[in-house]
Amino acid sequence: MKHDLSPAVERARDAALGAADRNGTGVVRLTDWLLGLLEEDEGKPASLLERTGADLADVRAALGDRGDWLHPPAPSEYTIYAAARERGLVLRGDPALTSEFVFLALLNADAGFRDQLAGVGVRVDAIEALLDAKLYVAAPADDAEPVFVVPESTEHIDAARVVDANLNRAREAFRVLDDYCRFVLDDRVLTEEVKAMRHDLAAASARIPPALLLAARNTPGDVGTDVTAGGEYARESPSQVAAVNLKRAQEALRSIEEYGKVFGPELGRAVEAVRYRAYTLERAVLAGATARGRLAGAKLYVLLTGAQCVSSLDFTIAEAAAGGAQVFQLREKTMTDRELIDRAERMRRWTRDAGVLYIVNDRPDVARLVGADGVHLGQDDLPVAAARRIVGPDALIGVSTHTPEQVRRAVLDGADYIGVGPTFPSRTKEFDHFPGLDFVRFVAAETSLPAFALGGINLSNAGQVVEAGLTRVAVSSAIAEEDEPQPVAARFRQILGG
Ligand SMILES: Cc1ncc(COP(=O)(O)OP(=O)(O)O)c(N)n1
Ligand SMILES: Cc1ncsc1CCOP(=O)(O)O
Ligand SMILES: [Mg+2]
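One numbering rule holds for all chains: residues counted from 1, following each sequence as written. Each chain takes a letter, starting from A, and each ligand takes a number, starting from 1, following the order in which they are written. Per-residue local features are limited, in this predicted model, to residues with pLDDT of at least 70; the limit for side-chain atom pairs, both in listing and counting, is 80 or more; totals at the level of whole chains, interfaces and linings are taken over all residues. The basis for every side-chain value is the complete set of non-hydrogen atoms in the structure, without hydrogens or water.

By the naming in an unreviewed UniProt entry, the protein chain is Thiamine-phosphate synthase, taken from Fimbriiglobus ruber. Reading the Sequence similarities (unreviewed entry) entry of the UniProt record for the protein chain gives the comment "Belongs to the thiamine-phosphate synthase family." UniProt positions are given in the numbering used here, feature names are shortened, and annotations may be inferred rather than shown by experiment. In its Function (unreviewed entry) section, the UniProt entry covering the protein chain states "Condenses 4-methyl-5-(beta-hydroxyethyl)thiazole monophosphate (THZ-P) and 2-methyl-4-amino-5-hydroxymethyl pyrimidine pyrophosphate (HMP-PP) to form thiamine monophosphate (TMP)."

A.B. asks: Before we move on, could you go through the overall build of the protein chain and cite the residues and values that matter?
C.D. replies: Assigned secondary structure in the protein chain consists of 22 helices and eight strands. Within the span of the protein chain, comprising 498 residues, buried residues form 49% of the whole. In what follows, residue pairs with any heavy atoms lying within 4.5 Å of each other are defined as contacts. Of the contacts formed within the protein chain by residues at least 6 apart in sequence, a portion of 65% connects residues at least 24 apart. The method behind every accessible area is Shrake-Rupley, applied with a 1.4 Å probe, and residues are considered shielded solely by the protein chains displayed. Only carbon and sulfur atoms are counted for the fraction: they give 51% of the accessible area of the protein chain, which is about 23200 Å². Here a helix means four or more residues in a row that DSSP labels H or I, a strand means two or more in a row labelled E, and each is numbered from the N terminus. Residue burial is assigned from relative accessible area. The probe radius is 1.4 Å, only protein chains are included, and a residue is buried under 20% of its type maximum, exposed over 50%, and partly exposed in between.

A.B. asks: Can you break down the coordination of the magnesium ion (ligand 3) residue by residue, with the values?
C.D. replies: Each pair of donors in an ideal octahedron of six around a metal sits at 90 or 180 degrees, and each pair in an ideal tetrahedron of four sits at 109.5 degrees. In this listing, donors mean N, O and S atoms no farther than 2.8 Å from the metal, or 3.2 Å for Na, K and Ca; water is missing from the atoms, so a site can look incomplete. Bound to the magnesium ion (ligand 3) are the protein donor atoms Asp362 (OD) and Asp381 (OD), situated 2.0 to 2.4 Å from the metal. On the criterion of sequence distance, the pair formed by Asp362 in the loop between strand E3 (357-361) and helix H16 (364-370) and Asp381 in the loop between strand E4 (374-377) and helix H17 (384-391) is long-range, its members being 19 residues apart. Note on Asp381: relative accessible area 28%, which makes it partly exposed.

A.B. asks: So, the pairing of strand E6 (residues 417-420): which residues are in play, and what are the values?
C.D. replies: Side chains Tyr417 and Gly419 project from E6 onto one buried face, and the interleaved Ile418 and Val420 project onto a second face that is buried too. Crossover handedness is defined here as right-handed if the route from the first strand over the helix to the second strand goes clockwise, with the strands pointing away from the viewer. Remark: the strand E5 (residues 396-401)/helix H18 (residues 404-413)/E6 crossover connection has right-handed handedness. As a crossover connection, the stretch from E6 through helix H19 (residues 436-446) into strand E7 (residues 451-454) is right-handed.

A.B. asks: Help me get a handle on the environment of Ala445, residues and values and all.
C.D. replies: As for its placement among the helices and strands, Ala445 is situated in helix H19. Each C-alpha atom, one on Ala445 and one on Val189, is 9.9 Å from the other, the two residues being 256 residues apart in sequence.

A.B. asks: Give a description of unusual backbone geometry that names residues and reports values.
C.D. replies: In this chain, Gly421 is followed by Pro422 through a cis amide linkage whose omega measures 0°. Mapped onto the elements of the fold, Pro422 is located in the loop between E6 and H19. At Asp186, a position not held by glycine, the phi torsion is positive, near 60°. Positive phi is not limited to glycine here, since Asp362 has a value of about 70°.

A.B. asks: Any details on the UniProt feature "binding site: Mg(2+)" (unreviewed entry) in the protein chain? Residues and values, ideally.
C.D. replies: The residues that UniProt annotates with the feature "binding site: Mg(2+)" (unreviewed entry) are Asp362 and Asp381. A maximum C-alpha distance of 6.3 Å places the annotated residues, which cover 20 residues in sequence, within one compact spot. Classification of Asp362 by relative accessible area gives partly exposed; the value is 21%. If sequence neighbours within four positions are ignored, Asp362 has contacts with Lys333, Val375, His376 and Asp381.

A.B. asks: Describe the site of ligand 1, and please don't skip the residues or the numbers.
C.D. replies: Near ligand 1, the surroundings consist of 14 residues, among which Arg331, Lys333, Gly378, Ser400 and Lys429 are the closest. Contact with the protein chains removes 90% of the 420 Å² of surface that ligand 1 exposes when unbound. Tallied by class, the residues present in the shell around ligand 1 amount to three nonpolar, six polar and five charged. Near residues are defined by distance, with any heavy atom within 4 Å of the molecule or strand qualifying the residue. In this count, Pro and Cys sit with the nonpolar residues alongside Ala, Val, Leu, Ile, Met, Phe, Trp and Tyr, while Asp, Glu, Lys and Arg are called charged and the others, Gly among them, polar.

A.B. asks: Run through the confidence of the model for the protein chain, naming residues and quoting values.
C.D. replies: For the protein chain, per-residue confidence averages 89 on the pLDDT scale, and residues scoring 70 or more make up 92% of the total. Within the model, the stretch residues 136-152 combines pLDDT values under 50 with 34 contacts to residues more than four positions away or in other chains. Confidence estimates for the predicted assembly give a pTM of 0.70 and an ipTM of 0.99. Summary of the metric used: pLDDT quantifies the predictor's per-residue confidence within the range 0 to 100.

A.B. asks: Lay out the environment of Phe434 with the relevant residues and their values.
C.D. replies: Structurally, Phe434 can be placed in the loop between E6 and H19. For Phe434, a relative accessible area of 32% puts it in the partly exposed group. Between the C-alpha atom of Phe434 and that of Gly455, which follows or precedes it by 21 residues, the distance is 9.0 Å. Those residues in contact with Phe434 that lie beyond four places of it in its chain are Pro422, Thr423, Phe424 and Pro425.

Encoded structure:
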């Protein structure tokens, strides 16, 4: 039967037959065919090898010299051409007998021989990927336009290799972070954010066909696998493990973003969005841990407005602190700025003397000016990031929350604690909506960030808050309107579990 061979295939066949004649056996070996195909430096088989990272001279030398190799006989010409046509049809929709598909057919003809070739850097899967036209017009299912249409090129294999390695790195880092948020922080909001980031990264990377990523993978040939940095095996604490893996995820995402640009702008953009979220996550996870530390034992938080106190402010602070209140907030809503700064400075002294934390309500500027420990922000006050620029990295920032979404946002914005309420009708502030104890229950199950229930909490109903799952409360009238704040504060502490 006459086959319609390309000139390059004809030359390779003649070379193989000639080699068989010369060695006296008359048996044409796979080696003879391959050497025939690789004879031309500029030929497609040689260029495929080089594009996929193999050294042409090494491969030729191994085929020619390796006495320890098995050199199986080549299949019949008919079988070789049938396999080549089939590969050409599947990968390109074209059954023409050209050298690259005959090359591929020969590489796949004998598994043992293919393994020997892998030992000298011949990566059949990568060669197949380069020949696979589908890979270059891949588009995610929900995109109307192809995301990238490129000619086959070594650049894409190289970039896919970097992206593949960094996707694995990022996935592994996210897995470690998932464990930290879930088992160490016990925080559902953060755990779900890590999961969502993993999912979004996977969706973004689907823009590169998985077959291409797999084909580009070359772990044995990775010169970095046995290079370890000092300190890689030393971790002092779970939070250090989290910190290291947050950095690892960010670095891997940056690399995917940069090398992903080789496939078009969309991948870079989508991964950039995940990377920014990784920075936010870092703040939420790590600074949250510091804040958790500072507020670890804080159970009773007192909001004070001078005019509401039946005694003087300084007496109320000293007495409530002596009874066990640990955090005090200056909440003045009607003062001029001059009056406010004056009071805020005094309150700094009184709270320092009492050894308690001091938070200023609403005003990051005032908090910073008087050296308060932090600021409390409502939903209509400055956002966390803006306040953080004023108060600095070490100050505590609290956020009022009234809905599940506000809790999620506060956690991810890097709030250090949240106010949760209003729980009950309040004598201090009027409300027309009460998320109540159901919301307290939700918060208790959702986040490990310090969360203070507030709104109408007193000694009679504080137990219900504890039953609903929170053991921290913020109160105003229950302390400010008492002649003797100390025993009241002490009783709160008992109810809240010491
Ligand atoms: C600890 C704590 N939680 C909630 C609030 C309420 O803040 P906000 O909603 O901004 O209302 P005002 O207190 O500013 O009227 C808070 N102050 N403290
Ligand atoms: C400011 C504020 N925000 C929600 S409840 C509340 C007031 C808390 O005061 P009280 O403990 O007297 O109800
Ligand atoms: Mg406010």
